[in-house]
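If you want the building blocks of each chain, they are given just below.
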Amino acid sequence: GTLTVGELAAKLHKDSSEIIKKLMFLGVMATKNEQLSKETIELLGEEFGVEVEEEVYVDELDIEHYVEEDDDKEEHLQERPPVVTIMGHVDHGKTTLLDSIRHTKVTEGEAGGITQHIGAYQVEENGKKITFLDTPGHAAFTTMRARGAQVTDITILVVAADDGVMPQTVEAINHAKAAEVPIIVAVNKMDKENANPDRVMQELSEHNLLPEAWGGDTIFVNVSAVKNEGIDELLEMILLVAEVEELKANPDKRGRGTVVEAELDKGRGPVATLLVQSGTMKVGDPIVVGNTFGRIRAMVNDVGRRVKTAGPSTPVEITGLNDVPQAGDQFVIFEDEKKARQIGEARGVRARDEERSQTNKVSLDDLFDQIQQGEMKEINIIVKADVQGSAEALRGSLEKIEVEGAKINIIHTGVGAIAESDIILAAASNAIVIGFNVRPDVNAKRTAEVENVDVRLHRVIYDAIEEIEAALKGMLDPEY
Ligand code: GDP
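Read on for an overview of the structure. Residue positions are given per chain, counting from 1 as you read along its sequence in written order. In keeping with the model being predicted, local features are shown solely for residues with a pLDDT of at least 70 and side-chain atom pairs are shown and tallied solely at 80 or more, while totals for entire chains, interfaces and linings include all residues. Hydrogen atoms and water are omitted, and side-chain values are computed over all heavy atoms in the structure.

1. Things to note about the pattern of salt bridges
Step number 1: What makes a salt bridge here is a side-chain nitrogen of Lys or Arg within 4 Å of a carboxyl oxygen of Asp or Glu, nothing more. If you walk through the whole model with that rule in mind, you get 18 salt bridges.
Step number 2: The shortest N-O distance in the salt bridge between K128 and E79 comes to 3.2 Å. With K128 in strand β4 (residues 128-133) and E79 in strand β1 (residues 78-79), this pair connects stretches of sequence that are 49 residues apart.
Step number 3: Taking relative accessible area as the criterion, K128 reaches 34% and is therefore assigned partly exposed.
Step number 4: Using a relative accessible area of 58% as the deciding quantity, one classes E79 as exposed.
Step number 5: One salt bridge connects R199 with E203, and the closest N-O pair in it is separated by 3.0 Å. Here the residue R199 and the residue E203 both occupy positions in helix α7 (residues 197-205), the gap between them amounting to 4 residues, near one helical turn.
Step number 6: Think of it in three bands: residues with accessible area under 20% of the maximum for their type are buried, residues over 50% are exposed, and the middle band is partly exposed, with areas taken using a 1.4 Å probe on protein chains only. Taking the relative accessible area as the measure of exposure, R199 reaches 34% and is therefore partly exposed.
Step number 7: Because the salt bridges share partners, they merge into one network encompassing D265, R268 and E317. By the criteria applied, helices consist of DSSP H or I runs no shorter than four residues and strands consist of E runs no shorter than two, each listed in order from the N terminus.

Structure (structure tokens):
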């Protein structure tokens, strides 16, 4: 495997621009994504005073690479607590329910402990633990999932009995279903005079959440978060679902998991709440967290106690990182501190590099400039349309466009609204998205903004063609 300029830069802990400059000096013109030959890599190594000894592979920076092999045979697996997220419409009582669960339960086992907000907490019911992520709502849930982290085992869908199913209720259902996470419905505000749990059941049935009482398999629990009523039953139902799901992990290996939240603390430096998903981590362990690294200096649990180890499904707040990671980042415990530092540093360099190039995402407005500068030879396009016929017609016409110095590449066509997955594909392949008689859905819209993906919507095929042609020729109307 050879490397691109960007990848080599990361390995050498340099900036891509430094490599590119050095290459120019050597008479080689290269862009960041250019594959370098072995000879060139060796030459550059010499220039930077680094010996290139062995073949270097890019996936060395992939954190998965360092996860201790799962010889997770049945005999190594142990039951682990379920990880629960609370979702639902605004004001239906998510926060109140989280507080209620915590306060009715936490005092029993952990008397004297001071409740500390670390982004997740554990309670005990009938001698079994349950982990709650205490950032309510599906924003956190989705952010994590978008970053490849699936931490939630069970979703509690809170629906106010006096209000019924609302838009964000439906959104939450869709998110949970997309992630294939089982849903338990908590019908909240049962203390209210106008509480109407039947209506909630009725409305949720229309979204395929059919209560057991009506022959379905969705568990409904009536609760009042303000009166602390129904909490035990809710927790018992969580344990029931957890049992069915057979949640297990091997605690006897190096820990790995996901960042729940992280921030810079004035006194303590970067602090991060980590949720262990398998294995165990200990104070003193070398660790790589997302694009940061360090050695675990201290671990504090959700009642503010210092702990020395943390196993599967346990959330702890750690200190000792060199920088602040992001929620949803993966972490892996390393055996060797030097290796952790090396990988962590290289990941950090690569991330900063990528961030810089993010702003250079292709957009129709600067397409012409990029072609002129020879930076863009192929224009990647994703086509979404309302019907297959239009998608094909548009593809055909786009592929016929001929502009010197540029080639059009249709990397994906599809039918239906522009989805987040289309945007992610576009971002990853530096593509423009054209929607023909379709629009981006909410998630696609948001992701397109974050990822800087250019989305163009049209109702007339000719307009779409003309726009691309104009862009290629540097004649795009800036008022568009
Ligand atoms: P969130 O936006 O879903 O987190 O909702 P909150 O937990 O902030 O609750 C919104 C409002 O509903 C607050 O005024 C709560 O006091 C109230 N609330 C929450 N749960 C209950 C309940 O069980 N009964 C009643 N009567 N009010 C509740």
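2. Considerations on the packing of aromatic side chains
Step number 1: In this analysis, rings of Phe, Tyr and Trp, with Trp reduced to its six-membered ring, are considered paired at centre separations within 6.5 Å, and the interplanar angle assigns stacked below 30 degrees, edge-to-face beyond 60, and tilted for intermediate values. A full pass over the atoms with the stated rule returns 2 aromatic pairs.
Step number 2: Over the ring of F48 we find K22, and its NZ or CZ is 5.2 Å from the ring centre. Cation placement over rings: the criterion is NZ of Lys or CZ of Arg within 6 Å of the ring centroid and within 35° of the ring normal.

3. Concerning the pairing of strand β13 (residues 292-300)
Step number 1: In terms of residue burial, β13 counts as a mostly covered element, since 7 of its 9 residues are buried.
Step number 2: By the convention used here, strands pair only if DSSP detects at least 2 bridges between them. Alignment of strand β12 (residues 286-289) against β13, held across 4 bridges, turns out to be antiparallel. Note on β13: the bridge partner recorded for V288 is F293.
Step number 3: The antiparallel pairing of β12 with β13 creates a hairpin that spans 2 residues between the two strands, and G290 there sits at a positive phi of about 60 degrees.
Step number 4: With 4 bridges joining them, β13 and strand β16 (residues 315-321) adopt antiparallel strand pairing. Across the sheet, A298 pairs through a bridge with T319, a residue of β16.
Step number 5: Following β13, the chain reverses through 5 residues before pairing antiparallel with strand β14 (residues 306-307); G304 in that reversal takes a positive phi of roughly 80 degrees.

4. A look at the side chain of T292
Step number 1: Tracing the chain through its elements places T292 in strand β13.
Step number 2: What makes two residues a contact is simply this: any of their non-hydrogen atoms within 4.5 Å. When residues no more than four places from it in sequence are discounted, the contact partners of T292 are I287, L321, N322, D323, V324, P325 and G344.

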